[in-house]
Amino acid sequence: MAIQPPAPLPAWRDRALSAEARVDALIREMTLKEKTAQLYGVWVGASDEGAEVAPHQHDMEEPADLDALLPDGLGQLTRPFGTVPVDPALGALSLMRTQARIAAANRFGIPAVAHEECLAGFAAWGATAYPVPLSWGATFDPALVREMAAAIGRDLRAVGVHQGLAPVLDVVRDARWGRVEETIGEDPYLVGTVATAYVQGLESAGIVATLKHFAGYSASRAGRNLAPVGMGARELADVILPPFEMAVRESGVRSVMHAYTDTDGVPSAADDRLLTGLLRDTWGFTGTVVADYFGVAFLKTLHGVAGTFGEAAGAALAAGVDVELPTVKTFGTPLAEAIREGRVPEELVDRAVRRVLLQKVRLGLLDPDWSPVPPVLRDADTAADPETLRGTVELDPEANRALAGRIAEQAVVLLRNDGILPLDPTTPRRIALIGPNAEAPTAVLGCYSFPVHVGGQHPDTPLGIELPTLREALVAAFPDAEIVVARGTGVDDADTDGFTTAVTLARGADVVVAALGDRAGLFGRGTSGEGCDAGSLSLPGAQQQLLDALLDTGTPVVTTLLAGRPYALGRAADESAAILQAFFPGEAGTAAIASILSGRTEPSGRLPVSVPRDPGAQPSTYLASRLGHRSEVSSIDPAPAFGFGHGLTYTTFHWGDLTVEEAEVPTDGVVRLALTVTNTGDRPGTEVVQLYLHDPVASVVQPVQRLVGYVRVDLAPGQGRRIHVEVPADLASFTGRAGTRIVEPGELELRFAASSTDPRLTARVTLTGPVRQVDHRRSLHAGFGVG
């Protein structure tokens, strides 16, 4: 009997062909319904018993009918781990079984892309809760953020996830906005460099990173979530877009998420100039554009630029949106009907599905040997009783916890110190720990951490990770101290009944640690987080009154803030013995604070956002023009209490020996400078050398200064290091009157500074020659060399 040769592989499974050829062959075989099925997700929750996922019931839409959808295929699975608490091993089993079902149900055997939130770590039960992005910015350490992102990516990949919805590249324009905690800071260069490093780390683990929110979400009027954006083209080009441009150019990012907002009347989800003209045609992005959740439907329901859901789908596809998330609403039946009626060209579907399938090919999902079994289950008996798997997958191993601790330690910012810190842990003393965050385990977590984002809806489920309170951390760090505790008031309570006890304890103590700040939550359930916008930057509730009462006792007060945004501190900004600012520093955050208080760790964080003095002087960032600064013709002084980039250490530094190789360089040249920084104290320390550019005369109004480079320098006592810097003239570019980016001749100041309010050395140089036009290929970085 003759042996039959194996059937030839379909072209789309043939790895000998290019990805493009494989996808083209597949699209030729697909029906319209099969193509559109690849363009939407379904919101599901993995089963804690290892069964297949279940469609998520949420208040925006009815759950999808998987039995009806799957024969045509499915583009994405939305947050299988991040919807309900699930043991990681059983969640991986549930996702595996679902992927096998999806692939078996459609005639091409195409599985879905599974995506998850990973803003401050993998948003899954039991996964490491890292510091929030505002803390990443406070480290001024992209390499450390890249290391963290790679660890997050490995955990995502291990359980079968393909895409992470992070990082956020929105530049803070108004600190009242609730999502400030999700941002990296108020400076586009800091945001761009740190976010790019995060993407590089996530992508290095094989996870598709997603830039969000493209573009302008953070510039909403009055800092209100999902509010209109009223900014000009120059602010968009010079402040909002540069971080995205940097990430697209340098990180290898494979996905972008459109913003909810409209700018000057045009919603981002329907803006072809943004999503196609700029992102793809100019910057060369080749990945997928995904919708922010329900964002395509919002074109009809919120923006009013589409009369039907079919029109909304057509407008989004035409603009360049490829995937509707979190679930099918407009890209299903409404889109198919609009195409059949000739109102939406099918070519738009073909364009989007080609991008989606190219990504699936490159993820290996169409390979002949693709398997739904994730790495953590490859050696497991997946046919056995699922309960045998429970507890076998660890998403918060010791290495992760140590990394989270390193980031937290580098992110805590010492704003003020009259010499009281560090506290000697061997000296017996009475410490009064007072405030609403003294014994709150989740005070270190942002709103997209799993215990807050999902766990709050399941109060009977354990947190899944260890979250030492600040009291517990102080007890461990100061074993010889007597630590007394009082809550005083709640985070956002008006209640002052606890003041008497708090003040009594403070008067009897040697030092007070005031544990103040925020409670993260969603849509008004917290004081920080998505939908938790602030009317002013006063401390929430009665916390300022409590702080003032503690100051009145005469006992030295170390004001310690666990918060998602900066707050004005009133008289405490000048009268506190010390101030520590921690932006939701994650599961190791309280240990990091205690370590800095005790002196075991040297403080090295720097402010990624200014701390206001006046709680009502908003919106205000350091990126202000001259008219945005204090003047005699306004009764409001927007000057900060502590400026962007500020942060103290336990040692002192001397900056000197500034040299400039040439004081005049052409508009296409490079300025070369050098300086020496020396640790003049008796403790090791880290100085963050920040380089700001000041353009005294320009053809359009410029910020008084803007950050164009920075470097962390670790120095032992008495050690000095020579820092060499090369500054391309391109960094002086801005959007001119004609709407193009230019470098103008003229004088510049290059200011080496310890913060935006603390310049140390200034080099005055002149750019010579003609006005020079530059584009997205310009230099983006100053080169730093530390000898």
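Being a predicted model, the structure only gives us computed values, none of them experimental.

Chemist: When you look at the sheet that holds strand β25 (residues 734-735) in this model, what are you seeing that I'm missing?
Modeler: Note: strands within a sheet are paired through backbone hydrogen bonds, in either parallel or antiparallel orientation. One open sheet accounts for 3 strands, arranged β25-β26-β29; its pairing is antiparallel. The two strands at the open ends of the sheet, each matched to only one other strand, are β25 and β29 (772-774). Sheet analysis places β25 next to strand β26 (residues 741-743), joined by 2 bridges and oriented antiparallel. Bridged to F734 within β26 is I742.

Chemist: In this structure, what is going on with helix α13 (residues 333-340)? I would like to understand it.
Modeler: Since one α-helical turn is 3.6 residues long, residues separated by three or four positions face the same way. For α13, the set of buried residues is P334, L335, A336, A338 and I339. In this structure, the buried residues of α13 make contact with α2 (32-37), α12 (309-319) and α14 (346-362). Once α13 ends, the next one or two residues include G342, with phi positive near 80 degrees.

Chemist: So what exactly am I meant to see when it comes to the nonpolar core here?
Modeler: A general feature of soluble globular proteins is that nonpolar side chains tend to end up buried together. Judged by nonpolar contacts, the single largest core of 231 residues is most densely connected at Y198, F214, F331 and I434. Once residues within four sequence positions are removed from consideration, I434 is found in contact with A486, A502, L505, A506, V512, V513, A514, A515, L546 and L550. The next biggest cluster of nonpolar side chains, apart from the first, holds 31 residues, and it includes V677, V689, L761 and L767.

Chemist: Whenever I open this one, the packing of aromatic side chains confuses me. Can you help?
Modeler: The geometry of an aromatic ring pair is captured by the separation of the ring centres together with the interplanar angle, meaning the angle of the planes. Counted by the stated rule, this structure contains 14 aromatic pairs. With a centroid separation of 5.4 Å and 50 degrees between ring planes, the pair formed by Y260 and F298 is classed as tilted. Here Y260, found in the loop between β7 (255-258) and β8 (262-263), pairs with F298, found in helix α11 (residues 298-301); they are 38 residues apart in sequence, far enough to count as distant. A relative accessible area of 9% places Y260 in the buried class.

Chemist: Got a minute to help me understand the pattern of salt bridges in this structure?
Modeler: Two side chains carrying opposite charge are able to pair once their charged atoms lie near each other. Tallying each qualifying case throughout the model produces 46 salt bridges. For R362, the salt bridge is made with E20, and the minimal N-O distance between the two is 2.8 Å. Note that R362 is positioned in helix α14 and E20 in helix α1 (residues 19-29), a separation of 342 residues in sequence. Its relative accessible area of 31% is what places E20 among the partly exposed residues. Two residues, D758 and R760, come together in a salt bridge whose shortest N-O distance is 2.9 Å. Residue classification places R760 among the partly exposed positions, given a relative accessible area of 34%. One continuous salt-bridge network, built from bridges that share partners, spans R15, R22, D367 and D369.

Chemist: I tried to follow the packing of helix α17 (residues 470-477) against helix α21 (residues 589-598) on my own but got confused; where do I start?
Modeler: Helix packing geometry: the angle between the two helix axes and the distance between the axes. Running from N to C, α17 and α21 point in directions that differ by 40 degrees, and their axes come no closer than 8 Å. Relative to α21, the element α17 is oriented oblique. For the crossing formed where α17 meets α21, the hand is right-handed. Two secondary-structure elements touch here, α17 through L470, A473, L474 and A477 and α21 through T590, A591, I593, A594 and L597. Looking at the contact of α17 with α21, its residues break down into 8 nonpolar, 1 polar and no charged.

Chemist: Is there a simple way to think about the sheet that holds strand β6 (residues 208-214) in this case?
Modeler: Spatial strand order, β2-β1-β3-β4-β5-β6-β7-β10: 8 strands in an open sheet with mixed pairing. Each edge of the open sheet is held by one strand with a lone partner, namely β2 (54-55) and β10 (288-290). Note that strand β5 (residues 163-164) and β6 share 2 bridges and pair parallel. Considered in β6, the bridge of Q163 is made with V208. Strands β5 and β6 of the sheet are contacted by helix α7 (residues 188-204), whose axis makes an angle of about 150 degrees with β6.

Chemist: I would appreciate a short explanation of the pairing of strand β24 (residues 720-728) in the present structure.
Modeler: Walk down a regular strand and you will see the side chains alternate between the two sheet faces. Bridge analysis of strand β21 (residues 670-679) against β24 gives 9 bridges, and the strand direction is antiparallel. Following the sheet pairing, L675 is matched in β24 by I723. Alignment of β24 against strand β30 (residues 783-786), held across 4 bridges, turns out to be antiparallel. The residue of β30 that forms the bridge with I723 is V786.

Chemist: What is the right way to look at unusual backbone geometry in this model?
Modeler: Both trends apply: most residues other than glycine have a negative phi, and most peptide bonds are in trans. Of note, the amide linkage connecting A166 to P167 takes the cis form, showing an omega dihedral of 10 degrees. By the element assignment, P167 lies in the loop between β5 and α7. Note that the residue after F214, namely A215, is joined by a cis bond; omega there is 0 degrees. As for its placement among the helices and strands, A215 is situated in the loop between β6 and α8 (233-240). Notably, F140 is not glycine yet its phi reads approximately 50 degrees, a positive angle. Within the secondary structure, F140 sits in the loop between α5 (133-139) and α6 (142-158). Note on F140: relative accessible area 1%, which makes it buried. Unlike most non-glycine residues, A222 shows phi in positive territory, near 65 degrees. Within the fold, A222 resides in the loop between β6 and α8. A residue is classified by how much of its surface remains accessible, and A222, at 44% relative accessible area, is partly exposed.

What counts, and at which threshold
Residues take numbers from 1 onward in each chain, read along the sequence in its written order. Local features in this predicted model are restricted to residues whose pLDDT is 70 or higher, and side-chain atom pairs enter the listing and the counts only when it is 80 or higher, whereas totals over whole chains, interfaces and linings include all residues. Based on all heavy atoms of the structure, the side-chain values leave hydrogens and waters out of the count. One bridge is not enough; two strands pair if DSSP finds at least two bridges between them. Each helix corresponds to a stretch of at least 4 residues labelled H or I by DSSP, and each strand to a stretch of at least 2 residues labelled E; elements are numbered beginning at the N terminus. Exposure is judged per residue with a 1.4 Å probe applied to protein chains only, and the accessible area is read against the type maximum: over 50% gives exposed, under 20% gives buried, and values in between give partly exposed. Any pair of residues with heavy atoms lying within 4.5 Å of one another is described as a contacting pair. Nonpolar core, defined: a set of buried Ala, Val, Leu, Ile, Met, Phe, Trp, Tyr and Cys residues in which side-chain atoms within 4.5 Å join the residues together. Here the aromatic set is Phe, Tyr and Trp, taking the six-membered ring for Trp, and pairing holds for ring centres within 6.5 Å; pairs whose planes are under 30 degrees apart are stacked, those over 60 apart are edge-to-face, and all others are tilted. By salt bridge we mean one thing: a side-chain nitrogen of Lys or Arg within 4 Å of a carboxyl oxygen of Asp or Glu. Here an angle of 0 to 180 degrees is reported between the N-to-C directions of two axes, which are lines fitted to C-alpha atoms, with helices fitted over the stretch in contact. Oblique is the label for every angle not falling under 35 degrees (roughly parallel), over 145 degrees (roughly antiparallel), or within 65 to 115 degrees (roughly perpendicular). Working rule for handedness: look at the near helix, and if it is turned counterclockwise from the far one by less than a right angle, call the crossing left-handed; if clockwise, right-handed. Residues are grouped as follows: Ala, Val, Leu, Ile, Met, Phe, Trp, Tyr, Cys and Pro are nonpolar; Asp, Glu, Lys and Arg are charged; every other residue, Gly included, is polar.

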